[in-house]
Structure formats: C-alpha cells, structure tokens
Amino acid sequence: MGELGIGVVGASGRMGQMLIRTVTETEGVRLVAATERPGSAALGRDAGEVAGVGSLGVPIGDDPAALFHTADAVLEFSVPAATTAHAALASQNGKIHVIGTTGLTAQDEAALAESAKRTQIVYAPNMSVIVTLAMALVEQVAGILGPDYDIEVLEMHHKHKVDAPSGTAIGLGKAAARGRGVDLEQVAQWSREGHTGPRKAGDIGFATLRGGDVVGDHTVVFAGEAERLEITHRATSRQIYARGAVRSALWAHDKAPGLYGMRDVLGLGPQTR
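Residues numbered from 1 in each chain as written. Predicted model: local features only at pLDDT ≥ 70, side-chain atom pairs only at ≥ 80, totals over all residues. Heavy atoms only, no water.

A. Structural detail: the overall build of the protein chain. Of the regular secondary structure elements, the protein chain holds 10 helices and 12 strands. On C-alpha atoms alone, the protein chain measures out to a radius of gyration of 19 Å, which is about the 19 Å that the 2.2 N^0.38 rule sets for 273 residues. Overall, the C-alpha framework of the protein chain stretches about 60 × 40 × 30 Å when taken along its three principal axes. For the protein chain, the computed accessible surface area is about 12900 Å², with 51% contributed by carbon and sulfur atoms. Taken together, the 25 basic and 30 acidic charged side chains of the protein chain have centroids lying 1 Å from each other. (Helix = DSSP H or I, 4+ residues; strand = E, 2+ residues; numbered from the N terminus. Rg over C-alpha atoms; globule rule 2.2 N^0.38 Å. Areas by Shrake-Rupley, 256 points an atom, 1.4 Å probe, with all protein chains shown as cover. Lys, Arg positive; Asp, Glu negative; His and termini not counted. Charge placed at Lys NZ, Arg CZ, Asp CG, Glu CD.)

B. Geometry of the sheet that holds strand E1 (residues 4–9). Sheet architecture is open: 7 strands sit in the order E3-E2-E1-E4-E5-E6-E12, paired in parallel fashion. Taken across any chain shown, the strands that pair with only one partner, and hence form the sheet edges, are strand E3 (60–61) and strand E12 (258–260). Bridge count for E1 against strand E2 (residues 29–35) is 6 bridges, and the pairing is parallel. Among the inter-strand pairings, Val9 is bridged to a residue of E2, identified as Thr35. Packing against the sheet, helix H4 (residues 80–93) makes contact with E1, strand E4 (73–76), strand E5 (96–99) and strand E6 (120–123), and its axis sits at approximately 160° to E5. (Pairing = 2+ DSSP bridges. Contact = heavy atoms within 4.5 Å. Axes fitted to C-alpha atoms, helices over the stretch in contact; angles between N-to-C directions.)

C. Spatial organisation of a nonpolar patch on the surface. Nonpolar side chains collect at one region of the surface, where Ile130, Leu133 and Leu268 lie side by side and expose about 250 Å² of accessible area between them. Here Leu268 shows up in the segment after helix H10 (262–265). Accessibility expressed as a relative area gives 34% for Leu268, which makes it partly exposed. (Patch = residues over 30% accessible without salt bridge, like charges linked within 9 Å, V, L, I, M, F, W, Y side chains within 5 Å. Salt bridge = Lys/Arg side-chain N within 4 Å of Asp/Glu carboxyl O. Buried < 20%, exposed > 50% of the residue type's maximum accessible area, 1.4 Å probe, protein only.)

D. Focus on the sheet that holds strand E8 (residues 188–189). Strand order in the open sheet made by the 5 strands is E8-E9-E7-E10-E11, with mixed pairing throughout. A strand with exactly one partner marks an edge of an open sheet, and here the two such strands are E8 and strand E11 (227–235). Pairing geometry for E8 and strand E9 (residues 204–210), over 2 bridges, is parallel. Bridging across to E9, Gln189 finds its partner in Gly205. In this fold helix H6 (residues 129–145) packs onto strand E7 (150–157), strand E10 (216–224) and E11, with an angle of close to 165° to the strand it touches most, E11.

Written out as structure tokens, the structure is:
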C-alpha cells in the first residue's frame, strides 16, 4: 500500500490541529484535504500552517463532498448532525470514516450502521488505546463482582465541552452494564439532586464535572462493604485520541465494509453496543 491520503474535518479546532500534527508525524499517511464550517476564519489558509507544522499545500475548504472525494480516509471529531451526514458521504464514495464524535443518539448510531454497509467506519467514543483496555477491564470486573458492588462513573472535562456525561463515561457505563448482563438505559442514574432516597440496588450512577482545561479524567468506582475498587484514566493531551484515530484509519484500509470500534482495531474482538 502507498501512503494513505487523510482528510480532516474541523481542521482549525483544537482536535483538528492535533490530528493534522499527528498525521505529519506518522509513517504511511499524508494530509490531502481539510475542511472547516462555512464562514470560518481559517478557510483558504494552509492546514499545516494553522496546525503549526508549516505549509503542507493543503488549503482548508468548506465542501464536505470534495473532502470525501479527495481523501482515502477522513478523521472526524465534530458534532452528531455533521457526523451522520458525513458518514453518508463516506458510504457514497467508498471512503474510510474514522469517528470520535461524542453525543450520538441511538438513532445516529443506526445511521452510521446503515452507511457502514458500503464502507469501513470506525466509531468510538474514545480513541485512546488505554481507555479501550480500561473499558474491557471494567466489563470484566463488573461481571466478576456482581450486584453486591455499587458502580459509579465520575468524569471531568474542560469548561468548553458541550455534552454530558462524556461519550467515554457513557462507554464505561455500557461496559459495566455488559459485564452485569443488563441494559444501561434501564439502570443508569444520570444525575442526582434533592431528596433522592436511598440508592437503588443495581443502579449505575454518573457524576459530571466541568472546569479549566482538563482534557479528560474518568473513574469507575466499584463500592462494596468495607472496600472499593477504582479504575481511573487521566488524559493529559489530545494526542492520544489523534494517534488512535490515525491508527484506526491505517487498520481499516484493507477491511471489509462494516461498523467497527477500537476493540476491533486492537484485536480484542467486537462488542455489543
């Protein structure tokens, strides 16, 4: 295989810039296209200069159709509405689509699955290799400990994050629910306020913190009588997500059409969502 041509959605954002920098540092890939929303001040500028890596000869445009026509694989950390529309373009053009967007609904995920019938889509609420392993560990621990241990998921992100709980926190909650053999939607307590009464057995609780420039902290607590186990991941740079996204694109290039996750990329096997 020659170099894989990479396109980046949201090229002037913090994550977009990190993706571009990571592409330039990774063998086997090169940046060939980049987009921003209409009206962005970055339109027409060189994507490499915006990302601080020097000129790459790739101007930032606002045409998603051109992006998916030019690139072999498109990396996207954006918003749900744009992501599902772009997945349809990936499907039409037969291009790899790597998605780290959070906040997708069940309907959005169904749309991704439909688009993935005709191309390779890698979708994960967190592209970090270590977070993927943490989710596998949470699932295993939840199954071993059983309902005698209360499960709480705590997360903190920077003050600019717009969705809550984070996609990673929900993914960790889903992992715990899978380990117990239950549906997260049936046992989740997304927040607590006022006189809530005692904790309901079997619930999986969530707590959300926002502030400062925190990239992403997540802890899953298994609380029992006289002891508790905490599984924690702390991210100090968005580069871990960018590396996972580029790795996913390289992994997917010779795979059959389908909707994949980071477990597939790491060889851990598929999971139920």
